[in-house]
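Summary of structural features
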Amino acid sequence: MDSSKENKENIVESAPRKKRALSCIQPTGIPTLGNYLGAMRNWVAMQDEMDCAFAVADLHAITVRQEPANLRKQIYEMFALLLSIGLDPEKTLLFVQSQVPAHAQLSWILSCHTQFGELSRMTQFKDKSAKHADNINLGLFAYPSLMAADILLYQPDYVPVGADQKQHVELTRDIAERFNNLYGNVFTVPEPYIMKSGARIRSLQDPTKKMSKSDTNQNAYISLKDDPDTIVRKFKRAVTDSEARVYHGEGKDGINNLIEIYSSITGKTFEQIEQEFEGKGYGDFKIAVAEVVVETLRPIQQKFDELIQDKAYLEKMMAQGAERASKIAQRTLNKALKKTGFVII
Ligand code: ATP
Ligand code: LTN
């Protein structure tokens, strides 16, 4: 080996490796402001500092019944939205989960290392099985082991999610540690990465609940596709209290939520916001929150409207993502299969 090449390799060798991050979002509807502020916006911020991978978790979506044509439409839309919020496929791996078969394969192996008791404790399972009492299927129950496979295949250090997903990432850590203890080091044990601001945006109609895109009441959430008038109307109707003074305090869940949204977008502290709206009523405050949300969503919506027209481009980007993702995922899957005792040919 010539010495200059040797030198270069040494430099690469000694440079600390970039941290890795992975997260996914289900194509179960147009994301809400909660999804955006709690998760997606942070993904964009992370892509310059870390090696990132983000996926559309379409296999997860069928844990509740989906109409096939609608699911297909939502997969395209969610993929287009990932591009619209500013994720750059040159820097960041973007893909659709079902297009990388290793996810379902590793999920089976991990299922055999996940306990019934652990899965029974998952809040999302309890919530969703109460909501869909007529369809409590095996997939809904086993969902966290598929999520663990999504994560562990890519050996990430961090999983950037909203607060509601912390429990699933912790279970992923337990599964990874159990597997590593049994068979030797196969998986990186990842950490949940939850931002302080925006991690739990609440429903505009019932601020004790999280804002969710599958809420049956459309006034409860701001969809990333809502037009300015709709956004203003929904904020005007947001449930608050009867006190009419803007401050963050106990028993003021509705106003606390609006302050949280305003703070998370403008970067202002709660105190600065309280000062800004001193002597003003809830009406003025709601309009101000609506305005910053409208301006945040405007460029995303413009890009989305453009991209969603171009199916061929979206499919090309999906194919590129799936190819790159499969290479990484297959490497981890083979390692896990081999360590577990399977014959690799
Ligand atoms: P569904 O309503 O279909 O159950 P969801 O919106 O709760 O879906 P996902 O689409 O799978 O859930 O969530 C994608 C990401 O958005 C996750 O990281 C999740 O933690 C985050 N997230 C979801 N809801 C909120 C919220 N209200 N506030 C902050 N983050 C959220
Ligand atoms: N369970 C998540 C979506 C999801 C996910 C993942 C998040 C599926 N696979 C892997 C992070 C990493 C949800 O319901 N929000």
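For the structure itself, look to the data block above.
Residues numbered from 1 in each chain as written. Chains lettered and ligands numbered in written order. Predicted model: local features only at pLDDT ≥ 70, side-chain atom pairs only at ≥ 80, totals over all residues. Heavy atoms only, no water.

A word on the overall build of the protein chain. In terms of regular secondary structure, the protein chain is built from 14 helices and five strands. The C-alpha radius of gyration of the protein chain comes to 22 Å, within 12% of the 20 Å expected for a compact globule of 345 residues. In terms of its C-alpha atoms, the protein chain occupies a principal-axis envelope of roughly 70 × 55 × 40 Å. Within the protein chain, the fraction of its 345 residues that count as buried is 49%. (Helix = DSSP H or I, 4+ residues; strand = E, 2+ residues; numbered from the N terminus. Rg over C-alpha atoms; globule rule 2.2 N^0.38 Å. Buried < 20%, exposed > 50% of the residue type's maximum accessible area, 1.4 Å probe, protein only.)

A few words on the pattern of salt bridges. The full count for this structure, using the stated rule, is 14 salt bridges. With its nearest N and O atoms 3.3 Å apart, the salt bridge here joins Arg17 to Asp157. Of the two residues, Arg17 sits in the loop between helix H1 (3–14) and strand S1 (20–25) while Asp157 sits in the loop between helix H8 (138–152) and strand S4 (158–160), which places them 140 residues apart along the sequence. Classification of Arg17 by relative accessible area gives partly exposed; the value is 44%. Here Glu243 and Lys252 are joined by a salt bridge, their closest N and O atoms 2.9 Å apart. When its relative accessible area of 2% is taken as the criterion, Lys252 is described as buried. Connected through shared salt-bridge partners, Lys73, Glu77 and Lys225 make up one network. (Salt bridge = Lys/Arg side-chain N within 4 Å of Asp/Glu carboxyl O.)

This part is about the site of ligand 2. Around ligand 2, a shell composed of 14 residues is seen, among which Gln26, Tyr143, Met147, Asp150 and Gln165 lie nearest. In the environment of ligand 2, an oxygen atom lies 3.0 Å from a nitrogen or oxygen atom belonging to the side chain of Gln26. Here a nitrogen atom of ligand 2 and a side-chain polar atom of Asp150 are 2.6 Å apart. Against a free-state accessible area of 370 Å², the protein chains account for coverage of 91% of ligand 2. (Near = heavy atom within 4 Å. Polar contact = N/O pair within 3.5 Å; in protein donor to acceptor, adjacent residues only side chain to side chain. Areas by Shrake-Rupley, 256 points an atom, 1.4 Å probe, with all protein chains shown as cover.)

It is worth spelling out the side chain of Asp226 at this point. Structurally, Asp226 is set in the loop between strand S5 (191–193) and helix H10 (228–236). Judged by its relative accessible area of 11%, Asp226 falls in the buried class. A distance of 2.9 Å separates the side chain of Asp226 from the backbone nitrogen of Ser223, its partner in a polar contact. Residues contacting Asp226, with those up to four places away along its chain left out, are Tyr221, Ile231, Lys234 and Gln301. (Contact = heavy atoms within 4.5 Å.)

As a structural note, the neighbourhood of ligand 1 is formed by 21 residues, with Asp164, Ile201, Lys210, Ser212 and Lys213 the closest of them. Asn35 places a side-chain nitrogen or oxygen 2.9 Å from an oxygen atom of ligand 1. Alone, ligand 1 offers 610 Å² of accessible surface; in the complex the protein occludes 96% of this. If one sorts the elements of the shell around ligand 1 by residue count, helix H2 (residues 33–46) sits on top with four residues.

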